[in-house]
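As a plain string of letters, each chain reads:
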Amino acid sequence: MTQDELKQAVARAAIDYVVDGETIGVGTGSTANFFIDELARIKDRIKGTVASSEATAARLRGHGIAVFDLNDVTEIAVYIDGADEITASGAMIKGGGAALTREKIVASVSRQFVCIADGSKLVEVMGKFALPVEVLPMARAAVMRQLAALGGQPRLRLKPGTDQAFITDNGGEIIDVAGLHITDPQGLEQGINQIVGVIAVGLFARRGADVCLLGTSEGVKTLTFA
């Protein structure tokens, strides 16, 4: 199976976690896009959605799916999103699609977090995928120095084909930190969050996934985390 076929398989499997009559949180990225396309088939069964990015909101609305502002929602039944890396304990690196802050917010208020990913995303130790950190633009250089002091190799994310900083939906910039060997994801998440100027870090360890639907050549495997 191709990577896209694996993503489509887990997106279909994630429909089983959609709660009828409830609001569903929807993530950002290529795997989440496959889920949105599947969700469109059952859109009449749900109350609506909360999107983790402007791109996701546009895709949902394009399918005729209602999108609510999080401030107008009291509860989200389940949040469904992909990951750039995930461990056997449910800790994740996210943010390749630059939506880490809103993803983290929506996940934090959802009763259940279902990660959908192809098998290549499951790792023993995170860090091969550069860790995204969203920062206030004025703090970029100061934050990069502190991330380097942690042993990482920070690099400002640029708009494709330009030498200009990529700007997030929140007006922040993204620093991608390579060269990390993350053996204590919760501790590193807490430490980076405390750096002044950081908006959010793409470590989802303190609130990781509850379930991971992993696409493999043998089919979709379900991993559950305590």
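Conventions adopted
- Residues numbered from 1 in each chain as written.
- Predicted model: local features only at pLDDT ≥ 70, side-chain atom pairs only at ≥ 80, totals over all residues.
- Heavy atoms only, no water.
- Pairing = 2+ DSSP bridges.
- Helix = DSSP H or I, 4+ residues; strand = E, 2+ residues; numbered from the N terminus.
- Buried < 20%, exposed > 50% of the residue type's maximum accessible area, 1.4 Å probe, protein only.
- Right-handed = clockwise from strand over helix to strand, strands pointing away.

Strand order in the open sheet formed by three strands is E4-E5-E11, and the pairing between neighbours is antiparallel. Each edge of the open sheet carries a strand with a single partner, namely strand E4 (85-86) and strand E11 (203-204). Examined bridge by bridge, E4 and strand E5 (residues 92-93) share two bridges and lie antiparallel to one another. Paired with Glu-85 across the two strands is Ile-93, which belongs to E5.

Here we take up the pairing of strand E1 (residues 23-26). Side chains of E1 alternate between two faces, with Thr-23 and Gly-25 and Ile-24 and Val-26 buried alike. Pairing of E1 with strand E2 (residues 48-51) involves four bridges; the strand directions are parallel. For Val-26, the partnering residue across the bridge sits in E2 and is Ala-51. The β-α-β motif built from E1, the intervening helix H2 (residues 30-39) and the parallel element E2 has right-handed crossover chirality. Bridging between E1 and strand E3 (residues 76-81) involves three bridges; their strand directions are parallel. Bridging from a neighbouring strand, Val-26 pairs with Ile-80 of E3.

The next point concerns the environment of Gln-194. Along the chain, Gln-194 falls in the loop between helix H6 (185-193) and strand E10 (198-201). Relative accessible area serves as the criterion here: at 59%, Gln-194 is assigned to the exposed category.

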